[in-house]
Amino acid sequence: MSEERPVPRRVSPWGLPEGDKREPKAHRCNDRAEDVVQACFEGNPFKTVPGPFKLFWQCMRSKPGEEPMEPYTYLQLDPPKRAEVKLE
């Protein structure tokens, strides 16, 4: 899973409900989905999409913290890293 990146927030004409301090959070597989979309524009989609889509599908079916660690195919991001689990 990639590091937590801020999610742009849209301004509503109705504003926020009183006391609502929730912030949007990107899905843990969001970067994998972006990699699939980028693959659609990198030449022949029949050749470029299957690899990133396989990793995206593995990510969606995995449990939180067990996402695939393979590097992104087309995104210029650092490979995902697993957070260390501290056992007490």
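Residues numbered from 1 in each chain as written. Predicted model: local features only at pLDDT ≥ 70, side-chain atom pairs only at ≥ 80, totals over all residues. Heavy atoms only, no water.

As recorded in an unreviewed UniProt entry, the chain goes by Hexokinase-1 and comes from Zizania palustris.

**Focus: the environment of Pro52**
Mapped onto the fold, Pro52 is located in helix H3 (residues 50–61). The class of Pro52 is buried, set by a relative accessible area of 3%. Residues Pro52 and Ala33, spaced 19 residues apart in sequence, show a C-alpha to C-alpha distance of 8.2 Å. (Helix = DSSP H or I, 4+ residues; strand = E, 2+ residues; numbered from the N terminus. Buried < 20%, exposed > 50% of the residue type's maximum accessible area, 1.4 Å probe, protein only.)

**Quick notes on the pattern of salt bridges**
Taken as a whole, this structure holds one salt bridge when the rule is applied. Between Arg28 and Glu67 there is a salt bridge whose closest N-O contact spans 2.9 Å. Of this pair, Arg28 sits in the segment before helix H1 (30–39) while Glu67 sits in the segment after H3, and the two are 39 residues apart along the sequence. Relative accessible area serves as the criterion here: at 3%, Glu67 is assigned to the buried category. (Salt bridge = Lys/Arg side-chain N within 4 Å of Asp/Glu carboxyl O.)

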